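# Descriptive structure summary
This is what each chain is made of:
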Amino acid sequence: MSEPTSRLGPVTLRTIAVSAMSNNVYLLTHTSTGAQVLIDAADDALAILRLIDEGATDITSGLPSRLALIFTTHSHWDHVRALGMVKEATLAPAACGAADAAAIPVPMDFTVTDGEVLHHV
């Protein structure tokens, strides 16, 4: 089980390294609302799903956890290998930078541009 690596006000950060390349996967969990954001579903979908479940234990409000977004930082193959499986298992929307969308093998629900602030997560 992973422990939160950081507490940033009402948000916890958990991280795991997956695959032989030790790619980092990050999970932000809002401890009051239960909203979660996963960054880079790089590999090992089962380990990532366990990370999401572990992040739910950080919620202090009694609300259920909800994976609100899977964000992919870039289109390199080693950062997207579990993306399709995690998206299918969680039904969470996926997003990435607009310049990377065409190269990612999983359809994105939306894209972002530099400096854009998301309010609907």
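Before going into details, it helps to say that this report is about the structure given with it. (Residues numbered from 1 in each chain as written. Predicted model: local features only at pLDDT ≥ 70, side-chain atom pairs only at ≥ 80, totals over all residues. Heavy atoms only, no water.)

### Section: the environment of Gly115
With respect to the helices and strands, Gly115 occurs in the segment after β7 (110-112). Among the residues examined, Gly115 registers a relative accessible area of 74% and is labelled exposed. Separated by 102 residues in sequence, Gly115 and Leu13 have C-alpha atoms that sit 22 Å apart. (Helix = DSSP H or I, 4+ residues; strand = E, 2+ residues; numbered from the N terminus. Buried < 20%, exposed > 50% of the residue type's maximum accessible area, 1.4 Å probe, protein only.)

### Thoughts on the pattern of salt bridges
Working definition: two side chains of opposite charge can pair if their charged atoms are close together. Counted under the stated rule, the structure contains 4 salt bridges. One salt bridge connects Arg81 with Asp43, and the closest N-O pair in it is separated by 3.9 Å. Taken together, the residues Arg81 in the loop between β5 (66-72) and α2 (83-90) and Asp43 in the loop between β4 (35-39) and α1 (45-56) connect sequence positions 38 residues apart. When the shortest N-O distance is used, the salt bridge between Lys87 and Asp109 registers 3.3 Å. Of this pair, Lys87 sits in helix α2 while Asp109 is found in the loop between β6 (94-97) and β7, placing the two residues 22 residues apart along the sequence. A relative accessible area of 45% places Asp109 in the partly exposed class. Through salt bridges with shared partners, one network takes in Arg14, Glu54 and Asp58. (Salt bridge = Lys/Arg side-chain N within 4 Å of Asp/Glu carboxyl O.)

### As for α2
Along α2, the residues classified as buried are Leu83, Val86 and Lys87. Within α2, the buried residues cover an arc of 100 degrees as seen down the axis, which keeps them to one side. Residues of α2 that are exposed and point more than 90 degrees away from the buried face comprise Met85, Glu88 and Ala89. Phi turns positive one or two residues past the end of α2, at Leu91, with a value near 60 degrees. (Arc of directions from axis to C-beta.)

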